[in-house]
Amino acid sequence: MFAWLATLDRRPLPPEGRCTSLLCRPRFLLPTLGLLLGWVIPLVMEQDGAWARDTGLGGVALSANDWSVVSLLLFSAVVLLTVSCLLLLKNRRSLLATIAEQKQTENMLERERNRYKLLLRTASDGIHVLNKNGDLIECSDSFADMLGYTRAEISHLNVKDWEAQVPPEQLMADIQNFAQGRILLETRHRRKDGSVFIVEINAIHVNLEGVEYILAVSRDMTERKRLEALLQENASRLRILLDTSPAGIFETDAAGTGLYVNAKWQQMTGLTQEQAIGTGWSAALHPDDRDRVIEEWHRAVQEQRPFFLEYRFQRPDGVVAHVLGFSKAIMTATGTTLGYVGSVIDITERKQIEMEKEQYYNLFRAASDLMCIADPLGCFKKVNPAVLETLGYTESEMLARPFIEFVHPDDQQSTRDEMNRQLQIGFSLNFENRYVCQDGSCRWLSWRAVFIKEDGLTYATARDITERRQIEMAMQQAMERAEAANRAKGEFLATMSHEIRTPMNVVLGMSELLLETDLDPTQKRFVQTMHHSGRALMGVINDVLDYSRIESGKFALAKIPFSPRQVVEETGRLMQMAAEEKGLVLDVAVAAGTPDRVLGDDGRVRQVLINLLSNAIKFTKKGQVSVRLAVHPQEMATLLFSVADTGLGVAPEHMSYIFERFTQADSGITRRYGGTGLGLAISRRMVELMGGRIWVESQLGQGSVFSFTLPVQVMQCLSSSASAVDQSSVTTCKSLRVLIAEDSPDTQMLLQAYLRKTPHHLVIVNDGVEAVSRVRQEAFDVLLTDIQMPNMDGYAATRAIRQWEKEEGRRPLTIMALSAHASLSRREESLAAGCNDHLTKPIKKTALLDVLQRIASQTPATTHTRSLRVLLAEDVEENQALFEAYLAQTPHQLVMANDGMEAVARVREERFDVIVTDVQMPGMDGYTATRQIRQMERAMNRPPVTIIALTAHAMAGEKQRSQEAGCDMYLAKPIRKQELLDILQKIADQLSES
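These lines cover the structure that appears in this document, whether it is placed above or below.

About the thresholds
Residues numbered from 1 in each chain as written. Predicted model: local features only at pLDDT ≥ 70, side-chain atom pairs only at ≥ 80, totals over all residues. Heavy atoms only, no water. 1 Å grid on protein atoms, 1.4 Å probe; cavity = no way out; pocket = protein on both sides within 12 Å on 5 of 7 lines; lining within 4 Å. Points joined across faces, edges and corners; volume = space filled by probe spheres on them. Helix = DSSP H or I, 4+ residues; strand = E, 2+ residues; numbered from the N terminus. Nonpolar A, V, L, I, M, F, W, Y, C, P; charged D, E, K, R; others polar. Salt bridge = Lys/Arg side-chain N within 4 Å of Asp/Glu carboxyl O. Buried < 20%, exposed > 50% of the residue type's maximum accessible area, 1.4 Å probe, protein only. Pairing = 2+ DSSP bridges. Axes fitted to C-alpha atoms, helices over the stretch in contact; angles between N-to-C directions. Contact = heavy atoms within 4.5 Å. Parallel < 35°, antiparallel > 145°, perpendicular 65-115°, else oblique. Left-handed = near helix turned anticlockwise from the far one by under 90°.

**Describing empty space enclosed by the protein**
Thinking step 1. Tallying each qualifying case throughout the model produces five cavities of 30 Å³ or more.
Thinking step 2. Of the volumes computed, that of the largest cavity is approximately 160 Å³.
Thinking step 3. Contributing to the lining of the largest cavity are 15 residues, with Phe250, Thr252, Trp265, Trp281 and Tyr311 lying nearest its centre.
Thinking step 4. Mapped onto the lining of the largest cavity, the elements with two or more residues apiece are β6 (248-253), β7 (258-261), α11 (290-303) and β8 (307-314).
Thinking step 5. Here the lining of the largest cavity is composed, by residue class, of twelve nonpolar, two polar and one charged.

Put into structure tokens, the structure is as follows:
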């Protein structure tokens, strides 16, 4: 019973409202019954014991009163128990309902508990519960997965096992001191495999039934951090793109008010970011365009349409730029306008090009030369009026058919070949063909064309050369009729001299100028080849003209004093470079006893020596070439010159005719080495005209020795004076301060000996370091530096000096490189290092003195150069362009005249210091113009201007004709740039002195 009561006592109370009496409440009734029975039974037993003691029977029998009391008590207990049972049975239904409700409540609590446990384990964030010691009490599956543990493994972990950022001691202290409330922090967790990742923790402090817990949510921030870094990177990239964009970029709000402009926009307008914000951007607009742009901008904003307009910016410094502006609205998904983003492109250059195109089109229409534009299909795209006037077609007729159909049938194939060549090289010069006119006649046209790959069009100009071709054909016929007569052939070559030298003047001059520009090695090699070929062609032309003069009897010899030694040594120095390029040794020797001064034509002697040396170098692959001069051992008053080589040699059967005109020893030589076969023929005729003879001694494969004699008149009376002249030239030349950087004592001693009797002051250092130091401390006119030296070589010293001069703003010092390597590449390397020139060891005294003399003579010219007004009378546009290029880097002012009449008119209205006039010009030639200018000077009492005659004629008597016409000087084409500049410098010096 007690156990049952106890069981009942543990049952839950009925819900309120079911039974309000105390007896209906088990928690009240059952304890009452228990107390009553517990009190009655002991009492009965106590009474029974007392009764026994009193009677002495000890439990044998009870009295009737005692039994009545016991019976009454037992009856009362039974009644109470019966009543209790009846009451309990009466409330059985209520009790059962209460038990069912309690069970339902427990089930509901269990379901909620399972639901929370399920939510906890399936949560995407890492939820975990810790006690105050940091031990893990419960966690979500995602937290275990986040750390790489199983649930069994992670249940035994402490926060110290996965926290990677905060030290364990500090972490435990923070947990113990964790205040109530919520905390949000970023830290790092360590996975089971040791890897570390960034997490964001959101934690709160909770208290359950007096126990403190920490409920934390850990979120893996790795992906978010990556996205944030990517976003930052994209933002930086966008900022860089905006700042480096070639177009001006701007941003406004929905009302069109400026929010942002990039660096290019600021550069284009001259406004800063702060000045452009709001409505300040309108200040960048050109005053004439401001109202129009603002009105169009606001209209585009109001109508919510793109803005597209061409207008102008004007910077605060006044610079105007033509721009093209474009902007478009930034829209949300719902169609709301957030603002506008736009760009501004600078089209100033395009506008200038359009204006230039308009100007060129006007020139195109007004030009007297024929001009046209053709497409790759061979059809005219545009022709100027001169084409229509010359050929007699209408423009529609010219554009309707391929231009090859207008070409004479006999010239169509050559025209197609030239077109193909032009497409490959990009241009065509001086191509001539015949076009058939509307009336059936033919016109000869000389074309100059350029193919532009970018637009695929060919731009061409042509000049009607029908009359010239007729003249040429007539000349050709005349030449054919007189081919058997050498004299007639010579006259014809002389007449053609002008036509040949005029284009060669342009070719050589332009190639020389092109070599002075910055070219890559391939381009430089091409131009050098072109220039050398042009010079070779000029040599051929000169040989032909010389031979024609000899044949026509107009070859004159001079009789002037000259030094044979000087002629031989200078010729050797002239050919030294050609020998070095082939790796040959060129040796020059003059025997003792050779007279110092003789009477003769030194120019023709040089020409013969150059011809012989050129052949020797050309036909020698390795070894050496030597030049010897001595008194002939058997003939009185005769000099013996010889040129020996270790080259191919001449076969015995060829020796008899190698001095004949237009012949070579072997036909293969012409193909392999080139040449006309005139060099030796001219040399023989010149030597014979000077009274000597020439011959050859040779062995095939071993070399040759060409020798010639020269009868001379020795000038004994001039020898002493000549020495005096030489000495005076040395002593009176400008004194230079010369610094020599050389580590070899022998070379130092040699250079000291060379300059001992000169006015130059010599300072010697042992390496480049000392040279750089002395240059910074003292003033020198020239530095001679060896290339290979210890501590610092010559090239490094040169670069250091050039850098110092640039930083200090000093005048460049003349630096000459000294090297034992005789190669063209080493000279180019010296020039690239900053040297002015290159001398090859062993250094000859004459070569060194010549270099110093040249430097001394050039020093004043570089500091005192007067500007001259130069009038050029020239009808050939190419020659005009050449003169412009020659004088582009000088202080001289060049004025052009297209013929003699225009030159005379210019001189009448303006003052000039120099007049350079071509001899042959249409309308009025140069000689006639010179006579009229001289007559006008006398009539107007003007001082005579210096007039230089310019001609392509290289015939005898031309110089005399120019002097008779009134010219002061005479220049034959092709003209070298330095030759022209030297003449102008002399004229400038004379005018400065006067």
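Next comes the rest of the account.
**Brief notes about unusual backbone geometry**
Thinking step 1. Positive phi outside glycine occurs at Gln304, with the angle close to 50°.
Thinking step 2. In this structure, Gln304 sits in the loop between α11 and β8.

**Looking at the pattern of salt bridges**
Thinking step 1. All chains considered together, the criterion is met by 44 salt bridges.
Thinking step 2. Across the pair Arg468 and Glu432 runs a salt bridge whose closest N-O atoms are separated by 2.5 Å. With Arg468 in helix α16 (residues 466-481) and Glu432 in strand β13 (residues 427-436), the pair connects residues that are 36 residues apart, well separated along the chain.
Thinking step 3. In this structure Arg468 comes out as partly exposed when scored by relative accessible area, which is 34%.
Thinking step 4. The network of salt bridges with shared partners includes Glu186, Glu200, Arg224, Lys225 and Glu228.

**Digging into the sheet that holds strand β21 (residues 694-699)**
Thinking step 1. Taken in spatial order, the five strands make up an open sheet running β17-β19-β20-β22-β21, and their pairing is mixed. Only two strands of the sheet have a single partner each, and these edge strands are β17 (585-590) and β21. Adjacent strand axes in the sheet meet at a mean angle of 15°, parallel and antiparallel pairs treated alike.
Thinking step 2. Alignment of strand β20 (residues 638-645) against strand β22 (residues 703-711), held across eight bridges, turns out to be antiparallel. In the sheet register, Leu640 faces β22, and the bridge partner there is Thr709.
Thinking step 3. Most of the contacts of helix α19 (residues 564-581) go to β17, to which it runs at about 175°, and overall it touches β17, β19 (624-631) and β20.

**What about the packing of helix α30 (residues 900-909) against helix α31 (residues 926-940)?**
Thinking step 1. One way to put it is that α30 packs onto α31 with a least axis distance of 9 Å and a crossing angle of 20°. One finds that α30 runs roughly parallel with respect to α31. α30 and α31 meet at a crossing whose hand is right-handed. Taking contact as the criterion, the partners of Gly900, Val904, Val907 and Arg908 in α30 are, on α31, Ala929, Gln932, Ile933 and Met936.
Thinking step 2. For the contact of α30 with α31, the per-class residue count stands at five nonpolar, two polar and one charged.

**Thoughts on the environment of Val206**
Thinking step 1. Turning to its location among the elements, Val206 is positioned in strand β4 (residues 196-208).
Thinking step 2. For Val206, a relative accessible area of 23% puts it in the partly exposed group.
Thinking step 3. It is 9.9 Å that separates the C-alpha atoms of Val206 and Val129, two residues lying 77 residues apart in sequence.
Thinking step 4. In contact with Val206, not counting residues within four places along its chain, are Val211, Glu212 and Tyr213.

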